[in-house]
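Examining the three-dimensional arrangement
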Amino acid sequence: MKIVNFSKVAIGLILVAQFAFANMLDDVKGVQKACEGGDMEKCNVLAGMYQLGIMFEKDAAKAMELYEKACGGNVYSTCAQAGLQYIKEFDDKKAEELLTKACDNRVSLGCSGLGVLYRMTDKEKGVVYFQKACDTGENEWAACKGAGEDYYSLGRKEMAKKYLKKACDLGKEHIGVKYDPDLKKSWQEACDLYITIK
């Protein structure tokens, strides 16, 4: 089973929403100044811009610095972003700390990240976090897929069916699934597994 790249899905969706909401691309200097002045939401946006190379050269270290600054200022979605980056860097302790802070503050991406983190070492614990993210109502089809796959591998077919069906239903209209071939393939795997065990 392929693990969905949650950070790719999340970063893209969060940035699109942030840019649409804040309409800040025209005022990058204003965003920088606001971040320096303590506006943690602006630090979050700035971090994403550095991470993706929007209006700046890509700079992962600068992005992490800004994500952690915003996380410290209780912008919990940035805790999730930073935590996912720490998973990639194999610093599970730091990842767990940041993702837990996000998840405990109702950021579904933080819960999904914990599901990913625990998936290889404690599937029972991981599935709880995938389920929590899936049940947020925030169109977390990938988290639902994670819960369904893990329940299936744990031999809990009824729970697997429930979450795989939810993943299949939620993913139908998800913009990432519509436009990203890798996400579409991952979503289709959830639907195929649901049909197989139905």
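Residues numbered from 1 in each chain as written. Predicted model: local features only at pLDDT ≥ 70, side-chain atom pairs only at ≥ 80, totals over all residues. Heavy atoms only, no water.

**Section: the pattern of salt bridges**
Going by this rule: A pair is scored as a salt bridge if a Lys or Arg side-chain nitrogen falls within 4 Å of a carboxyl oxygen belonging to Asp or Glu. Helix and strand assignments come from DSSP, with helices taken as H or I runs of at least 4 residues and strands as E runs of at least 2, each series counted from the N terminus.
Within the structure shown, the criterion is met by 14 salt bridges. Across the pair Glu124 and Arg156 runs a salt bridge whose closest N-O atoms are separated by 3.5 Å. Separated by 32 residues along the polypeptide, Glu124 in helix α8 (residues 123-134) and Arg156 in the loop between α9 (141-153) and α10 (157-171) bring together distant segments of the chain. Residue Lys161 is joined to Glu158 by a salt bridge in which the shortest nitrogen-to-oxygen separation is 3.2 Å. Of the two residues, Lys161 and Glu158 both sit in helix α10, three residues apart, roughly one turn of that helix. Three or more residues joined by partner-sharing salt bridges are found here, namely Arg119, Lys145, Glu149, Asp150 and Glu189.

**Concerning the packing of aromatic side chains**
Rules: To pair, rings of Phe, Tyr and Trp, with the six-membered ring standing in for Trp, must have centres within 6.5 Å; the planes then decide the type, stacked if under 30 degrees apart, edge-to-face if over 60, and tilted in the middle. Buried means the residue's accessible area, taken with a 1.4 Å probe over protein chains only, is under 20% of the maximum for its type, while exposed means over 50%, and partly exposed covers the values in between. Each ring is checked for a lysine NZ or an arginine CZ that lies within 6 Å of its centre and within 35 degrees of its normal; such an atom marks a charge sitting over the ring.
Considering all chains together, one arrives at three aromatic pairs under this definition. With a centroid separation of 4.3 Å and 20 degrees between ring planes, the pair formed by Tyr50 and Phe56 is classed as stacked. In terms of burial, Tyr50 and Phe56 fall into one category: buried. Ring plane angle 35 degrees and centroid distance 5.8 Å describe the contact between Tyr118 and Tyr129, whose orientation is recorded as tilted. Here Tyr118, found in helix α7 (residues 108-119), pairs with Tyr129, found in helix α8; they are 11 residues apart in sequence, far enough to count as distant. In this structure Tyr118 comes out as buried when scored by relative accessible area, which is 9%. Between Lys125 and the ring centre of Tyr118, over which it is positioned, the NZ or CZ distance is 4.4 Å.

**Here's the deal with the state of the cysteines**
What is meant by a disulfide is a covalent connection between two cysteines, made through their sulfur atoms. Note the cut-off: Only a pair of cysteine sulfur atoms within 2.5 Å counts as a disulfide in this structure description.
What the rule picks out here adds up to five disulfides. Covalent S-S linkage joins Cys35 and Cys43, the inter-sulfur distance amounting to 2.0 Å. Every disulfide takes its handedness from the sign of the S-S torsion; for Cys35 and Cys43 that torsion is 100 degrees, giving right-handed. Residue Cys43 is classed as buried on the basis of its relative accessible area of 0%.

**Considering the nonpolar core**
In plain terms, the rule: The nonpolar core is taken to be a set of buried Ala, Val, Leu, Ile, Met, Phe, Trp, Tyr and Cys residues, with the residues joined through side-chain atoms within 4.5 Å. Working rule for contacts: check all heavy atoms of both residues, and any pair within 4.5 Å makes them a contact.
Formed by 52 residues in total, the largest nonpolar core has its most connected members in Leu46, Ile87, Leu99 and Leu164. No other element matches the seven residues that helix α3 (residues 40-52) contributes to this core. Those residues in contact with Leu164, other than ones at most four positions away along the chain, are Cys144, Lys145, Gly148, Glu149, Ala190, Leu193, Tyr194 and Ile197. Counting seven residues, the second-largest nonpolar core is a separate cluster that includes Trp141, Val177, Leu183 and Trp187.

**Some points on the environment of Gly171**
Relative to the elements of secondary structure, Gly171 occurs in helix α10. Looking at Gly171, the relative accessible area reads 0%, which means it is buried. Considered as a pair, Gly171 and Ser186 are 15 residues apart in the sequence and their alpha carbons are 9.8 Å apart. Leaving out residues up to four positions away in the same chain, Gly171 has contacts with Trp141, Val177 and Trp187.

**What to know about the side chain of Glu149**
Test applied: Identification of polar contacts relies on pairs of N or O atoms within 3.5 Å, with a donor-acceptor requirement for protein atoms, meaning one able to donate a hydrogen and the other able to accept it, and with residues adjacent in sequence counted only if both atoms are side-chain atoms.
Within the fold, Glu149 resides in helix α9. Separated by 3.0 Å, the side chains of Glu149 and Arg119 make a polar contact.

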